[in-house]
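# Close look at the chain arrangement
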Amino acid sequence: MKKIYSMLFAAAAISFGATSCSDFLDEDNKTGETADLAYNTVSGIDGLIQSAYTYTHGWWGKEPSLGLAEMGSDLFYFGYDNKQKSMLKYDISAEALGNNVADNPCLDEYWEMFYAGVDVCNNALKYVPECSVIDDNKKAAYLGDAYFLRALYYSQMVALWGPIPYNAEPINAINNNPVRVPEAEVYGNILNDLKQAMDNYKKANIMDGKSATADGRAYYYSAEALYARVALYAASWLGANAVSGYGNLYTEALNAANDVINNSGAKLYSRYSDTWNMNNEEATTNTENLFAVHYSNDLNAGRDNCVPYRFSDGGTGNFNSLITRTGYGRNGGSASLLMFVSLWNNGCDDIGPNGQKNNSIFFRMAAGKTTIKSKSTGKDVEVGKYYSPYGRGFTRYLPSLYLWQILDEIKGTDQRYNGTLLTEYRVHPDLAGNAANYPKMADQTYKTYDEAYAEDGNYFNGGVIGIQYALMDGNSAEGQALQAEAKDKYRLQFAFGGDIPVYTSGDPATALPTEGGKDISDVYGDARYKSEKIEGRRSFPGIKKFLDDQYEEDYPTFDISHRDIMVLRLAEMYLIKAEAELATGGDALKTINQLRAARAIAGKDNSISGTVTIETILKERAIELCGEYQRWFDLKRTHTLIDHVKKYNAQASGKIALKHYYRPIPLSELESVTNRSDIAVQQDAYGVLQYNSTSESMWQNPGY
């Protein structure tokens, strides 16, 4: 019989006094006498808490989690080199795919990872109160961490799988008969944990990030912000009064969000780009941050940024490299900088090869290679700090036509358009003469890179245009006028229509990323666009807010980042407040406009008017939170997943069905139990499983 490692074993041992995650887990069950001794030391208890936090590195900042949390929604398509295509087309099964990295949702690995993280939290909740060498304040602070993290992990699991086994105690023996607990009960346990976290943080006076038990750890308002989110999720998915003992959950969410807004000390930036500036990426220096997954700035040594080893193979089993990104041989980090980037550096022969000669305008920087030779001056041009922020062009995810459209709607008044979309790849002016196919590239007016940096805190808007993406019909009069302006200056790709469009259609319900090149360009009459790399799956506007916008000589165009990933931030609290007000009769419009005023371009009226509906809320959440591990959950919990996918995502609309409101329980888990039963659990018209009392059997979600 196979083992359900994530559910059936205690999280094992800490190498006490060490902080490297490679030492955190071992398959040996160290509860009992050994644990009693080890966890009665300061280093042992702190190592236990550090281990509990380490599991966050497997979800926030990783590729397959983005596939599960953001994609298959209305906001993103999968690109050419995506690694979860079947899942994003809703052609997903329950089978575990092992180390396959070509097409793998990694559901079985996340099932194990979250339960392992929960078990470390449960051990902390057992051993922290028993530790005699730390005082009561320290105990309370550590208990706050453990309750917060257990709630965080369970909140992800219940949103993915619905009814799940709930473990509240350390596991010290194999249990072959796990049972699935109804969602409302799980949500009640999560809310209870967050209350406990807040109580303990208040007792220990852990009220801000600077007073937390270590860098990147939670505090009182982190727990309250998560409480607001969880209450909203439960209310919108199950109903306002679905959780026993909690009254109206919308009111709970509203009160918690209000308190965070008014009392946490968090502040919205007046310059939206500062929210994402790497100079502000540390959890304790970003004024909007309420909780972020912390990554060490050292990306070359140790394994502090990795998720711990799996329980398999004697406690040395590796999680899939899509989750670890660089594997266990390096330090790990966030992969978000790779996920939304077009193939900019050698996207087609029209802009020259990816090289350092005088026929190149773009080059993907590498250590010690940060110059390109200028044809016009004959000199080497240093471009590392200007080009490395563009990332590596992995073509994993691209914005849907719908996302581009709703961002374009606000571009005249709202900073979030420019702060989110990367619609131009720009060239150092001294290299403009290198582009043989665009002989007038140097004729453009431009900002210097220093001017661009002073204006927006980064270099994205400096230099001259090399590639531009325009949201318009290339065959329209407006499109033809822009094409005439761009001719011989830079490559222009329209959203649809024209010479080389990004999408096949101007209708979000049918638009797909284009495939293949064009033998003869309509604009130029030559074969410059013949390469298939010009297709919309590989050449598209990117999302810039996760890019490493500040150049670091040690990590030019790196394949991982030390950017901390914000899990909870202040802007979301305004959106939670507005949605709760919509449900309880408050002034949701006023709250939305407070956020929009903070995001306004100076001197512009960025307010909206009219009647607020759930569609208003969802649009505002898309504009503010796109790419931040929430959109699939937003559409699920508001029962709009199928509707929005059919309206706005032609890649996914063909197969999506009611069953897809839940992810399948990994088959490897079901094959490992002795109480498996294929019981019939129905979904209502809104997708919610009608499962209200715990069965003694373990069963698969319907339809899988």
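Computed from a predicted structure; not experimentally measured.

What follows covers the overall build of the protein. A tally of regular secondary structure across the protein gives 24 helices and 11 strands. Radius of gyration (C-alpha) of the protein: 25 Å, near the 27 Å computed for a compact globule of 704 residues. A principal-axis box enclosing the C-alpha atoms of the protein has dimensions of 75 × 50 × 50 Å. For the protein, the proportion of its 704 residues judged to be buried stands at 64%. Long-range pairs, those at least 24 residues apart, make up 71% of the contacts in the protein with a sequence separation of at least 6. For the protein, the distance from the average position of its 67 positive side-chain charges to the average position of its 88 negative side-chain charges is 4 Å.

Moving on, we come to the layout of surface pockets. Remark: the empty space left among the atoms is shown by a probe the size of a water molecule rolled over them. Taken as a whole, the largest pocket encloses approximately 560 Å³ of empty space. Surrounding the largest pocket, 22 residues form its lining, Tyr-417, Asn-418, Thr-423, Glu-424 and Gln-468 being those nearest its centre. Of all the secondary structure elements, the ones that give two or more residues to the lining of the largest pocket are helix 15 (401-408), helix 16 (415-420), strand 6 (421-422), strand 7 (424-427), helix 17 (449-456) and strand 8 (464-473). Top contributing element to the lining of the largest pocket by residue count: strand 8, with five residues. For the lining of the largest pocket, the per-class residue count stands at 10 nonpolar, four polar and eight charged. Reported here for the second largest pocket is a volume of approximately 320 Å³. Forming the boundary of the second largest pocket are 19 residues, of which Gln-50, His-57, Asp-215, His-294 and Asp-304 lie nearest the centre. Sorting the residues of the lining of the second largest pocket by element identifies helix 3 (42-54) and strand 2 (289-293) as the ones contributing at least two each.

Turning our attention to the packing of aromatic side chains. Evaluation of the coordinates by the stated rule reveals 41 aromatic pairs. When the centroid spacing of 4.9 Å and the interplanar angle of 70° are considered together, the rings of Tyr-390 and Tyr-425 count as edge-to-face. Of the two residues, Tyr-390 is situated in the loop between helix 14 (384-387) and strand 5 (397-399) and Tyr-425 in strand 7; the sequence distance between them amounts to 35 residues. Like Tyr-425, Tyr-390 is buried. Both rings, one in Tyr-691 and one in Trp-699, keep their centres 4.8 Å apart while their planes meet at 65°; by these two values the pair is edge-to-face. Taken together, the ring pairs connect Trp-344, Phe-362, Tyr-387, Tyr-390, Tyr-425, Phe-460 and Tyr-469 into an aromatic cluster. Positioned over the ring face of Phe-319 is Arg-310, at 5.2 Å from the centre of the ring. Directly above the aromatic system of Tyr-80 lies the positively charged group of Arg-538, at a separation of 3.7 Å from the ring centroid.

Quick look at the UniProt feature "domain: RagB/SusD" (unreviewed entry) in the protein now. Cross-referencing UniProt, the feature "domain: RagB/SusD" (unreviewed entry) maps to residues 435-672 in the present numbering. Across residues 435-672, the secondary structure splits into 32% helix and 10% strand, with the terminal C-alpha atoms separated by 60 Å.

Moving on: the domain arrangement of the protein. In terms of domain boundaries, the protein breaks down into domain 1 (296-332) and domain 2 (336-543). Just the C-alpha atoms count here: the centres of domain 1 and domain 2 sit 35 Å apart.

Let's shift gears to the packing of helix 6 (residues 107-127) against helix 7 (residues 136-161). Running from N to C, helix 6 and helix 7 cross one another at 155°; their axes reach a closest spacing of 9 Å. What the angle tells us is that helix 6 and helix 7 run roughly antiparallel. Crossing of helix 6 against helix 7: the hand is left-handed. Packed against helix 6, whose contacting residues are Leu-107, Tyr-110, Trp-111, Phe-114, Tyr-115, Gly-117, Val-118, Cys-121, Asn-122, Ala-124 and Leu-125, the element helix 7 presents Leu-143, Ala-146, Tyr-147, Leu-149, Arg-150, Tyr-153, Tyr-154, Gln-156, Met-157 and Trp-161 at the interface. Taken together, the residues of the contact of helix 6 with helix 7 break down into 17 nonpolar, three polar and one charged.

This part takes up the UniProt feature "domain: SusD-like N-terminal" (unreviewed entry) in the protein. The residues that UniProt annotates with the feature "domain: SusD-like N-terminal" (unreviewed entry) are residues 104-199. Taken end to end, residues 104-199 is 67% helix and 0% strand, and its first and last C-alpha atoms sit 40 Å apart.

Counting residues in each nonpolar core, the largest one holds 209 residues, and the members touching the most others are Trp-59, Phe-148, Phe-362, Tyr-387 and Met-573. For this core, the element with the most residues is helix 7, which contributes 17 residues. One finds Ile-465, Ala-470, Ala-486 and Leu-492 within the second-largest nonpolar core, a separate group that totals seven residues.

Conventions used here
Residues numbered from 1 in each chain as written. Predicted model: local features only at pLDDT ≥ 70, side-chain atom pairs only at ≥ 80, totals over all residues. Heavy atoms only, no water. Helix = DSSP H or I, 4+ residues; strand = E, 2+ residues; numbered from the N terminus. Rg over C-alpha atoms; globule rule 2.2 N^0.38 Å. Buried < 20%, exposed > 50% of the residue type's maximum accessible area, 1.4 Å probe, protein only. Contact = heavy atoms within 4.5 Å. Lys, Arg positive; Asp, Glu negative; His and termini not counted. Charge placed at Lys NZ, Arg CZ, Asp CG, Glu CD. 1 Å grid on protein atoms, 1.4 Å probe; cavity = no way out; pocket = protein on both sides within 12 Å on 5 of 7 lines; lining within 4 Å. Points joined across faces, edges and corners; volume = space filled by probe spheres on them. Nonpolar A, V, L, I, M, F, W, Y, C, P; charged D, E, K, R; others polar. Phe/Tyr/Trp six-rings, centres within 6.5 Å; stacked < 30°, edge-to-face > 60°. Lys NZ or Arg CZ within 6 Å of the ring centre and 35° of its normal. UniProt positions renumbered as here; feature names shortened; annotations may be inferred. Domains from an automatic or database assignment. Axes fitted to C-alpha atoms, helices over the stretch in contact; angles between N-to-C directions. Parallel < 35°, antiparallel > 145°, perpendicular 65-115°, else oblique. Left-handed = near helix turned anticlockwise from the far one by under 90°. Core = buried A, V, L, I, M, F, W, Y, C linked by side-chain atoms within 4.5 Å.

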